[in-house]
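# Structural features, examined
Residue-level listing of the chains:
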Amino acid sequence: MTTWTEYTEQRRERINQVLAQVLPPANQEPTRLHQAMRYAVLTGGKRLRPLLVYATGETLGASLTELDIPAAAVELIHAYSLVHDDLPAMDDDDLRRGQPTCHKAFDEATAILTGDALQTLAFQLLADNQRTPTEQRLLMINSLAAACGSRGMAGGQALDLHATGKPLTLKDIETLYHLKTGALFAASVELGIHAANQKHTELTSLREYTKCLGLAFQIQDDILDIEGDLTTLGKIPGSDDKHEKSTYPVISGLAPAKARVASLRAEALRLLANCNENANILQELTVNMLRE
């Protein structure tokens, strides 16, 4: 029987191979852009969003080959968002995962184009994926596009930028987190559902699950930034956002923030238990993402 550690290692190795295949070769013109795209995607990462695609799809009966392209697409979107988040006009970061950010390793204009190219490649992969019937492909494209736009990730980033240096309520922060982090988590689950050709009966409960998961994950990340050993988190002291921002535990205090994570974790597991009796993979993922 495969352990959770073995499962995640196998899926991460698989998605890394898929990503290496779908990205343009580094020696293909325009070489500098293609090198930057590969740099932005292949230099590490937890691959949490592809893991959500795989775990959801496998729970609902989809094969790994049916899940490879949607898993790659959502990771390309995530990578694009990080490249743009790191830009001087956004969070202005010099390092990510201990490596120079894309605009530092290359240049700012190349980084902007890298994000643009990664985003469009994600949708091209979904549109061209002949393993998936047309109707399911359209649903996937719609789910991912909605998660990226003004009512999703881009909207969350806009709120985040606007909030810099301003007092926020916990409700404000939760709204921001739902958009900036939760929307792409939700899209990852929806991609797995569509790959398995499941109908909206599964989608409703799982969407509520991802709201809990995304919010809890971001609050937990805030807590770890305060409490954790930064070197174990893939971050370097002094390398995070240069703009002062309010975070959940800063406003609520650490104990209430931890209690909120625990509550959201319990609700996420309850929703999984109610929506699918075979959701053990997703349950394991949730427990390991939101450790007590």
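Definitions and cut-offs
Residues numbered from 1 in each chain as written. Predicted model: local features only at pLDDT ≥ 70, side-chain atom pairs only at ≥ 80, totals over all residues. Heavy atoms only, no water. Helix = DSSP H or I, 4+ residues; strand = E, 2+ residues; numbered from the N terminus. Rg over C-alpha atoms; globule rule 2.2 N^0.38 Å. Buried < 20%, exposed > 50% of the residue type's maximum accessible area, 1.4 Å probe, protein only. Contact = heavy atoms within 4.5 Å. Areas by Shrake-Rupley, 256 points an atom, 1.4 Å probe, with all protein chains shown as cover. Lys, Arg positive; Asp, Glu negative; His and termini not counted. Charge placed at Lys NZ, Arg CZ, Asp CG, Glu CD. Axes fitted to C-alpha atoms, helices over the stretch in contact; angles between N-to-C directions. Parallel < 35°, antiparallel > 145°, perpendicular 65-115°, else oblique. Left-handed = near helix turned anticlockwise from the far one by under 90°. Nonpolar A, V, L, I, M, F, W, Y, C, P; charged D, E, K, R; others polar. Patch = residues over 30% accessible without salt bridge, like charges linked within 9 Å, V, L, I, M, F, W, Y side chains within 5 Å. Salt bridge = Lys/Arg side-chain N within 4 Å of Asp/Glu carboxyl O. Core = buried A, V, L, I, M, F, W, Y, C linked by side-chain atoms within 4.5 Å. pLDDT = per-residue confidence, 0-100.

### A few points about the overall build of the protein
Counting its regular elements, the protein contains 13 helices and two strands. Over its C-alpha trace the protein gives a radius of gyration of 18 Å, about what one expects of a compact globule, namely 19 Å for 292 residues. Over its C-alpha atoms, taken along the principal directions, the protein stretches across nearly 50 × 45 × 35 Å. Taken across its 292 residues, the protein has 50% of its residues classed as buried. Put simply, 73% of the contacts in the protein that link residues at least 6 apart link residues at least 24 apart. A total accessible area of about 13,400 Å² is found for the protein, and carbon and sulfur atoms account for 52% of it. Of the side-chain charges in the protein, 28 are positive and 37 negative, and the distance between the mean point of each set is 2 Å.

### Side note on the packing of helix α4 (residues 64-85) against helix α7 (residues 134-148)
It is the contact of α4 with α7, at a shortest axis distance of 11 Å, that shows an interaxial angle of 15°. As the angle between them shows, α4 and α7 are arranged roughly parallel. The two elements α4 and α7 meet at a crossing, and its hand is right-handed. Contacts from P70, A73, V74 and I77 in α4 reach M140, L144 and C148 in α7. Its residues assigned to classes, the contact of α4 with α7 comprises seven nonpolar, no polar and no charged.

### A word on a nonpolar patch on the surface
A cluster of nonpolar side chains, contributed by I226, V250 and I251, occupies part of the molecular surface with about 250 Å² of accessible area. Mapping I251 onto the fold places it in helix α11 (residues 248-252). You can call I251 partly exposed: its relative accessible area is 35%.

### A short note on the nonpolar core
Within soluble globular proteins, side chains that are nonpolar generally end up buried alongside one another. By size, the foremost hydrophobic cluster in this structure holds 83 residues, and its most contacted members are L76, I77, L118, L144, Y209, I219 and L285. Among residues more than four places away in sequence, those in contact with L144 are A73, V74, I77, A122, F123, L126, L184 and A187.

### Side note on the pattern of salt bridges
Within this structure, the stated rule accounts for twelve salt bridges. Note that E174 is salt-bridged to R260, the shortest N-O span being 2.9 Å. Of the two residues, E174 is situated in helix α9 (residues 170-195) and R260 in helix α12 (residues 254-275); the sequence distance between them amounts to 86 residues. Judged by relative accessible area, E174 falls into the buried class, the value being 15%. With its nearest N and O atoms 2.8 Å apart, the salt bridge here joins E227 to K258. Of the two residues, E227 is situated in helix α10 (residues 200-227) and K258 in helix α12; the sequence distance between them amounts to 31 residues. K258 gets classed as partly exposed once you look at its relative accessible area, which sits at 40%.

### Thoughts on the confidence of the model for the protein
Taken residue by residue, the protein gives an average pLDDT of 90. The fraction at 70 or more is 91%. Of the regions scoring below 50 in pLDDT, residues 229-242 engages in 22 contacts with residues more than four places distant in sequence or in other chains.

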